[in-house]
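If you want the building blocks of each chain, they are given just below.
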There are 4 protein chains.
Amino acid sequence: RIVKVNTAKLIMFASIFYIASAFIIYFLEPETFQNPFIGFWWVMTTVTTVGFGDYSPVTVPGMLFGIFLYLFGIGLIGIILGKVVDSYTYYGRLKMGGEL
Amino acid sequence: RIVKVNTAKLIMFASIFYIASAFIIYFLEPETFQNPFIGFWWVMTTVTTVGFGDYSPVTVPGMLFGIFLYLFGIGLIGIILGKVVDSYTYYGRLKMGGEL
Amino acid sequence: RIVKVNTAKLIMFASIFYIASAFIIYFLEPETFQNPFIGFWWVMTTVTTVGFGDYSPVTVPGMLFGIFLYLFGIGLIGIILGKVVDSYTYYGRLKMGGEL
Amino acid sequence: RIVKVNTAKLIMFASIFYIASAFIIYFLEPETFQNPFIGFWWVMTTVTTVGFGDYSPVTVPGMLFGIFLYLFGIGLIGIILGKVVDSYTYYGRLKMGGEL
Ligand SMILES: [K+]
Ligand SMILES: [K+]
């Protein structure tokens, strides 16, 4: 089944979700995540499941928020990465002359 | 093919599986995972494949249990993340007026 | 399209591939991976993309073998995790009384 | 829907993308990524989402480029890993006598 979600609204929702998450983790653990940009870097590193481990929460609230991000942020980025894959495919088709 | 598993039972089974895994890794390596919550944090970090590396087993039994989690926990979280994606999609459809 | 590969042969092929990889990385970097079991732990941590970073290659041959594992080991574990998901689904169906 | 992209062109495009990314991160943070090969190791570790954390950017430009790689490099490697899975499947079919 093809997921039909309006791409512009999805990107807007996801951007708000990830930026809000960056501020939340900065609020929960300012000593680990020294500013909201570090928080945003950690959020994106987490939801894409790269997980470098250069920053990771050390308090119970921070870890609980991390587990929340695992469940809801990873699913959301999965939809977005699926759209990136679709656009690569679309680009590839255009270059090859539009075979469907 | 659409995976048809009762969502409530799935979440119950997964919760028990992950909480039991937290106690098992705490039991196997109490010096690395100082309490069952740290164990749960590590289990969720592992099965989502984020893998920060802030905690990781250093003994043979702990590593063997880790490899077991790779194989069975990752597959299970995959089903759950698929359901999260479905619910985002469902929410997106509702907001757009129920197009199918 | 449903991937039709004989499960028993697949598991045998994958086991040989991962165990051989463990010995290869141990051979390439014995100072990092002190024994083949540590090599096996690193191989499984890598191909599932968990990547704790407790062990990682530091020489050019080790890194090149790591990149090879990224490309071929991750695809292979993807097929196996897909089969684990299928068996969870099958188990879920059995418990619910075999709805299809 | 089956993704139809010419495999040879895809591999060429991806190789150029990843090698260019290696030079870009080396250019952005030469103190972290001491040479372009270390950059390439980091790029491949990142786009496959393994993320060992042995190397990771510490400056704002490096982190922003990392987030760009999360979004565009991961989608691209997803297409390539899908092709690796297809070729395993094809190989498995050949060995079993061509069942379809
Ligand atoms: K990682
Ligand atoms: K990872």
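Residues numbered from 1 in each chain as written. Chains lettered and ligands numbered in written order. Predicted model: local features only at pLDDT ≥ 70, side-chain atom pairs only at ≥ 80, totals over all residues. Heavy atoms only, no water.

Trainee: An account of the overall build of chain A is requested, with residue identities and associated values reported.
Mentor: For chain A, the count of helices and strands is three helices and zero strands. Walking chain A from its N terminus toward its C terminus, one meets helices and strands in the order α-α-α. Taking all 100 residues of chain A together, the buried fraction comes to 49%. Intrachain contacts of chain A at a sequence separation of at least 6 include 58% that bridge at least 24 residues. Counting every atom, chain A has about 4,800 Å² of accessible surface; 70% of that belongs to carbon and sulfur. (Helix = DSSP H or I, 4+ residues; strand = E, 2+ residues; numbered from the N terminus. Buried < 20%, exposed > 50% of the residue type's maximum accessible area, 1.4 Å probe, protein only. Contact = heavy atoms within 4.5 Å. Areas by Shrake-Rupley, 256 points an atom, 1.4 Å probe, with all protein chains shown as cover.)

Trainee: Hey, could you go over the side chain of B:Ser56 for me, with residue numbers and the actual values?
Mentor: Inspection of the secondary structure assignment puts B:Ser56 in the loop between α2 (36-47) and α3 (60-96). By relative accessible area, which is 11% here, B:Ser56 ends up buried. A polar side-chain atom of B:Ser56 sits 3.4 Å from a polar atom in the side chain of C:Asp54. Ignoring sequence-local partners within four residues, the contact set of B:Ser56 consists of B:Thr32, B:Phe33, B:Trp42, C:Phe52 and C:Asp54. (Polar contact = N/O pair within 3.5 Å; in protein donor to acceptor, adjacent residues only side chain to side chain.)

Trainee: Please provide a residue-by-residue account of the coordination of the potassium ion (ligand 2), values included.
Mentor: Those protein atoms acting as donors to the potassium ion (ligand 2) are A:Thr49 (O), A:Val50 (O), B:Thr49 (O), B:Val50 (O), C:Thr49 (O), C:Val50 (O), D:Thr49 (O) and D:Val50 (O), and they sit at 2.8 to 2.9 Å. A distance of 3.0 Å spans the gap from the potassium ion (ligand 2) to the potassium ion (ligand 1), which A:Val50 bridges by coordinating each metal. (Donors = N, O, S within 2.8 Å, 3.2 Å for Na, K, Ca; no water.)

Trainee: I'd like a rundown of the coordination of the potassium ion (ligand 1), residues and numbers included.
Mentor: The protein atoms that coordinate the potassium ion (ligand 1) are A:Val50 (O), A:Gly51 (O), B:Val50 (O), B:Gly51 (O), C:Val50 (O), C:Gly51 (O), D:Val50 (O) and D:Gly51 (O), at distances spanning 2.7 to 2.9 Å. Judged by relative accessible area, which is 0%, A:Val50 ranks as buried.

Trainee: Which residues make up the side chain of B:Ser21, and what values do they have?
Mentor: For B:Ser21, the location among the structural elements is in helix α1 (residues 7-28). Every residue in contact with B:Ser21, bar those within four places of it in the chain, is listed here: B:Val43, B:Phe65 and B:Leu69.

Trainee: Explain the interface of chain A and chain B to me, and be specific about the residues and the numbers.
Mentor: For an interface, size is often stated in terms of accessible area lost upon the parts coming together. Across the contact, 32 residues belong to chain A and 24 residues belong to chain B. Across the chain A to chain B interface the summed buried area is about 2,400 Å²; carbon plus sulfur atoms make up 72%. On the surface where chain A and chain B come into contact, there are zero salt bridges. The interface formed by chain A and chain B holds two residue pairs in polar contact (both at pLDDT 80 or more) in total. Listing elements by their share of the side of chain A that touches chain B, those giving two or more residues are α1 (7-28), α2 (36-47) and α3 (60-96) of chain A. Looking at the side of chain A that touches chain B, the element that brings in the most residues is α3(A), giving 13 residues. Counted by class, the side of chain A that touches chain B contains 20 nonpolar, nine polar and three charged residues. (Buried area = accessible area lost by both parts, 1.4 Å probe. Salt bridge = Lys/Arg side-chain N within 4 Å of Asp/Glu carboxyl O. Nonpolar A, V, L, I, M, F, W, Y, C, P; charged D, E, K, R; others polar.)

Trainee: Break down the interface of chain D and chain A for me, citing the residues and quoting the values.
Mentor: Contact with chain D, which involves 31 residues of that partner, is made by 23 residues of chain A. Our count for the contact surface shared by chain D and chain A stands at zero salt bridges. Put simply, chain D and chain A have two residue pairs in polar contact (both at pLDDT 80 or more) between them. If you list the elements that add at least two residues to the side of chain D that touches chain A, you get α1 (7-28), α2 (36-47) and α3 (60-96) of chain D. If one sorts the elements of the side of chain D that touches chain A by residue count, α3(D) sits on top with 12 residues.

Trainee: Residue-level account of the relation of the copies chain A and chain B, with values.
Mentor: By a simple turn and slide, chain A fits onto chain B: the slide is 0.0 Å along the axis, the RMSD is 0.0 Å, and the turn is 90°. Put plainly, the chains are arranged around a four-fold axis. Taken as a fraction of all interface residues of chain A, those also at the interface in chain B reach only 19%, which identifies the copy contact as different-surface. (Least-squares fit on C-alpha atoms with pLDDT ≥ 70 in both.)

Trainee: Let's hear about α1(A): which residues, and what values?
Mentor: Residue and element names in this part refer to chain A. The end-to-end C-alpha distance of α1 is 31 Å, a good match for the 32 Å that 22 residues give at a rise of 1.5 Å each. Within α1 the residues assigned to the buried category are Leu10, Ala14, Phe17, Tyr18, Ser21, Ala22 and Ile25. One side of α1 holds all its buried residues, which, seen down the axis, span an arc of 135°. Facing away from the buried side of α1 by over 90 degrees, the exposed positions are Ala8, Lys9, Met12, Ile16 and Phe27. (Expected span 1.5 Å × (residues − 1). Arc of directions from axis to C-beta.)

Trainee: Please give an account of the relation of the copies chain D and chain A that cites residues and values.
Mentor: Superposing chain D onto chain A requires a rotation of 90° together with a translation of 0.0 Å along the rotation axis, leaving an RMSD of 0.0 Å. Interface residue correspondence from chain D to chain A reaches only 19%, placing this contact among heterologous pairings that use different surfaces.

Trainee: Run through the nonpolar core, naming residues and quoting values.
Mentor: If you look at the biggest cluster of nonpolar residues, it comprises 120 residues, and the most contacted ones within it are A:Tyr18, B:Tyr18, C:Tyr18 and D:Tyr18. Apart from residues lying up to four places away in sequence, B:Tyr18 is in contact with B:Phe40, B:Val43, B:Met44, B:Val47, B:Gly73, B:Leu76, B:Ile77 and B:Ile80. (Core = buried A, V, L, I, M, F, W, Y, C linked by side-chain atoms within 4.5 Å.)

Trainee: Run through the packing of α1(D) against α2(D), naming residues and quoting values.
Mentor: How two helices sit against one another is set out by the angle between their axes and by the gap between those axes. All names here are of chain D. It is at 8 Å that the axes of α1 and α2 come closest, and there the two elements cross at 120°. Read as a crossing pair, α1 and α2 show a hand that is right-handed. Each of Tyr18, Ile19, Ser21, Ala22, Phe23, Ile25 and Tyr26 in α1 lies in contact with α2, whose residues at this interface are Pro36, Gly39, Phe40, Trp42, Val43, Met44 and Val47. Taken together, the residues of the contact of α1 with α2 sort by class into 12 nonpolar, two polar and no charged. (Axes fitted to C-alpha atoms, helices over the stretch in contact; angles between N-to-C directions. Left-handed = near helix turned anticlockwise from the far one by under 90°.)

Trainee: Talk me through α2(A); I want residue IDs and the actual numbers.
Mentor: Residues and elements named next belong to chain A. With 12 residues, α2 extends 16 Å between its outermost C-alpha atoms, agreeing within 8% with the 16 Å of an ideal straight helix rising 1.5 Å per residue. For α2, the buried fraction is high: nine of the 12 residues fall into the buried class. When we look at burial in α2, the residues that qualify are Ile38, Gly39, Trp41, Trp42, Val43, Met44, Thr45, Thr46 and Val47. Among the residues of α2, the N-terminal cap falls to Asn35, whose side-chain oxygen and the backbone nitrogen of Phe37 are separated by 3.0 Å. Note on α2: the residue one or two positions beyond its end, Thr49, has a positive phi of about 65°.

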